[in-house]
Amino acid sequence: MLEHAPAPAPEEIREVVAPLAELEGPLLPMLHAIQEVWGHVPQAAVPVLADLLNLGRAEVHGVISFYHDFRDHPAGRRVLKICRAEACQAVGGAAVAQSVLDRLGLDWHGTTPDGAVTVEPVYCLGLCACGPAAMLDGRVIGRIDADRIEAELKTGPVEARA
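Residues numbered from 1 in each chain as written. Predicted model: local features only at pLDDT ≥ 70, side-chain atom pairs only at ≥ 80, totals over all residues. Heavy atoms only, no water.

(A) Molecular detail of the overall build of the protein chain. Regarding its fold elements, the protein chain presents 8 helices and 4 strands. When the backbone C-alpha atoms are referred to their principal axes, the protein chain occupies close to 45 × 30 × 30 Å. A total of 162 residues make up the protein chain; the buried ones form 41% of that total. Taking as baseline every contact in the protein chain between residues at least 6 positions apart, the subset at least 24 positions apart corresponds to 56%. Total accessible area computed for the protein chain in this model is approximately 9300 Å², and 55% of it derives from carbon and sulfur atoms. In the protein chain, the 13 positive side-chain charges and the 22 negative ones have mean positions that sit 8 Å from each other. (Helix = DSSP H or I, 4+ residues; strand = E, 2+ residues; numbered from the N terminus. Buried < 20%, exposed > 50% of the residue type's maximum accessible area, 1.4 Å probe, protein only. Contact = heavy atoms within 4.5 Å. Areas by Shrake-Rupley, 256 points an atom, 1.4 Å probe, with all protein chains shown as cover. Lys, Arg positive; Asp, Glu negative; His and termini not counted. Charge placed at Lys NZ, Arg CZ, Asp CG, Glu CD.)

In structure tokens, the structure reads:
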């Protein structure tokens, strides 16, 4: 994903979402499709979706901002999600998360300056018995600590290792 790629044209957005328009409750599938193509939901998509679905722009924006998986800017090449739920916090998750953020020089939702890694909070990965837990590039990892996360980030994406 190019960080400074031009915003897609309304016609490009319509082309991506048009096949989904006949679905019942099409907004979420449309948002997922847009994010799949551009790596985020560009601001230019809001008026297009509002027009197509006869919704207010505020309604579309409200859905985008409510669901944490939708981004308004491109993520890094790798996405690290660290669990913030109570079970992981009870076994040191907050300290691990802070250590990882400090090592990367980021806050939550931040991306490293080289575009390599984005760190996001997630509220339960279903790995409560193996906390603290994280998800890196869609792969869950249990019993994490900052050193393990650092090592995982150095190995490269799973598809690059295959």
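(B) Molecular detail of the side chain of R71. Here R71 lies in the loop between α4 (57-66) and β1 (78-83). Among the polar contacts made by the side chain of R71, one reaches the side chain of E120 at a distance of 2.9 Å. In this structure, R71 is in contact with Q35, G39, H40, V41, V79 and E120, ignoring residues within four places of it in sequence. (Polar contact = N/O pair within 3.5 Å; in protein donor to acceptor, adjacent residues only side chain to side chain.)

(C) Spotlight on the sheet that holds strand β4 (residues 139-141). One open sheet accounts for 4 strands, arranged β2-β1-β3-β4; its pairing is mixed. Only two strands of the sheet have a single partner each, and these edge strands are β2 (117-122) and β4. Along the sheet, successive strands turn relative to each other by an average axial angle of 25 degrees, direction set aside. Sheet analysis places β1 next to strand β3 (residues 134-136), joined by 3 bridges and oriented antiparallel. Looking at the pairing, I82 lines up with A134 of β3. (Pairing = 2+ DSSP bridges. Axes fitted to C-alpha atoms, helices over the stretch in contact; angles between N-to-C directions.)

(D) Expanded view of the pattern of salt bridges. Scanning the entire structure with this criterion turns up 10 salt bridges. A salt bridge links D51 to R14; its shortest N-O distance comes to 2.9 Å. Of the two residues, D51 is situated in helix α3 (residues 45-53) and R14 in helix α1 (residues 10-17); the sequence distance between them amounts to 37 residues. Residues D137 and R78 are paired through a salt bridge, measuring 2.6 Å at the closest nitrogen-oxygen approach. (Salt bridge = Lys/Arg side-chain N within 4 Å of Asp/Glu carboxyl O.)

(E) Spatial organisation of the packing of aromatic side chains. Under the definition given, this model contains 2 aromatic pairs. A centroid spacing of 4.9 Å and a plane angle of 90 degrees characterise the contact between F66 and Y67, whose relative ring orientation is edge-to-face. A relative accessible area of 38% means that Y67 is categorised as partly exposed. Between the aromatic rings of Y67 and F70, the centroid separation amounts to 6.2 Å while the plane-to-plane angle is 85 degrees, which identifies the pairing as edge-to-face. Every member of this aromatic cluster is reached through a ring pair, and the members are F66, Y67 and F70. (Phe/Tyr/Trp six-rings, centres within 6.5 Å; stacked < 30°, edge-to-face > 60°.)

(F) A look at the nonpolar core. Residues L31, I34, V41, L49, V60 and I64 are the most contacted members of the largest nonpolar core, which totals 19 residues. Elements that contribute at least two residues to this core include exactly α1, α2 (27-38), α3 and α4. Once residues lying within four places of it in the same chain are set aside, the contact partners of V41 are L31, I34, Q35, I64, F70, R71 and D72. With 17 residues, the next largest nonpolar core counts I82, V96, V117 and I144 among its residues. (Core = buried A, V, L, I, M, F, W, Y, C linked by side-chain atoms within 4.5 Å.)

(G) Broad picture of a nonpolar patch on the surface. On the surface, a nonpolar cluster with roughly 300 Å² of combined accessible area is contributed by L28, F66 and Y67. By secondary structure assignment, the location of F66 is in helix α4. (Patch = residues over 30% accessible without salt bridge, like charges linked within 9 Å, V, L, I, M, F, W, Y side chains within 5 Å.)

Don't take any of this as a statement about function, it's just geometry.
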